[in-house]
Amino acid sequence: DDQYGFTDVLIITGSKDTVYSQKMAAQTTSIYDGSKVQTHVQQGKGHGMIGSREEMQTVMEFLSKRLVRRMSSMEDMSEK
């Protein structure tokens, strides 16, 4: 039970990122409840958008553990 309703946070940075460095990612992490933050460092990558299967897999795994699948066909049934 999270009494304050903090949301989970995924931070992705590259090991060669000079714009948003690993140090900055660690500072950002310290702002949040550490149990709610997942950090991923993409080795060999600088600053940029998701560009590899590994990075996308990290995002998808993060989201799949937190998003609830809703069955829209059953939602209508609850109102009857």
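In case you missed it, the structure is sitting above this.
Residues numbered from 1 in each chain as written. Predicted model: local features only at pLDDT ≥ 70, side-chain atom pairs only at ≥ 80, totals over all residues. Heavy atoms only, no water.

Draft legend 1. How the structure looks around the overall build of the protein chain. A count of helices and strands for the protein chain gives three helices and two strands. For the protein chain, the α and β elements follow one another from N to C terminus as β-α-β-α-α. Every one of the 80 residues in the protein chain was classed for burial, and the buried ones make up 19%. Within the protein chain, residue pairs in contact and separated by at least 24 positions form 61% of the contacts whose partners lie at least 6 positions apart. Summing over all exposed atoms, the protein chain offers an accessible surface of approximately 6600 Å²; the carbon and sulfur share of this is 53%. (Helix = DSSP H or I, 4+ residues; strand = E, 2+ residues; numbered from the N terminus. Buried < 20%, exposed > 50% of the residue type's maximum accessible area, 1.4 Å probe, protein only. Contact = heavy atoms within 4.5 Å. Areas by Shrake-Rupley, 256 points an atom, 1.4 Å probe, with all protein chains shown as cover.)

Draft legend 2. Structural detail: a nonpolar patch on the surface. Side chains of I50, M56, M60, L63 and L67 sit close together on the surface and give an oily, nonpolar patch of about 450 Å² of accessible area. Tracing the backbone shows M56 in helix α2 (residues 53-64). (Patch = residues over 30% accessible without salt bridge, like charges linked within 9 Å, V, L, I, M, F, W, Y side chains within 5 Å. Salt bridge = Lys/Arg side-chain N within 4 Å of Asp/Glu carboxyl O.)

Draft legend 3. Expanded view of the pairing of strand β2 (residues 37-42). Relative to β2, strand β1 (residues 9-14) is paired through six bridges, and the arrangement is parallel. When the bridges of β2 are listed, L10 appears paired with Q38. After leaving β1, the chain enters helix α1 (residues 22-31) and then returns to the sheet as β2, a path that is right-handed. (Pairing = 2+ DSSP bridges. Right-handed = clockwise from strand over helix to strand, strands pointing away.)

Draft legend 4. View of the pattern of salt bridges. Going through the model one piece at a time under the given rule, you end up with three salt bridges. Of the charged contacts in the structure, one is a salt bridge between R66 and D8, with a shortest N-O distance of 2.6 Å. Here R66, found in the loop between α2 and α3 (72-78), pairs with D8, found in the segment before β1; they are 58 residues apart in sequence, far enough to count as distant. Since its relative accessible area comes to 33%, R66 is described here as partly exposed. Overall, the relative accessible area of 26% leaves D8 in the partly exposed class. The closest approach of N and O atoms between K45 and E55, which form a salt bridge, is 3.0 Å.

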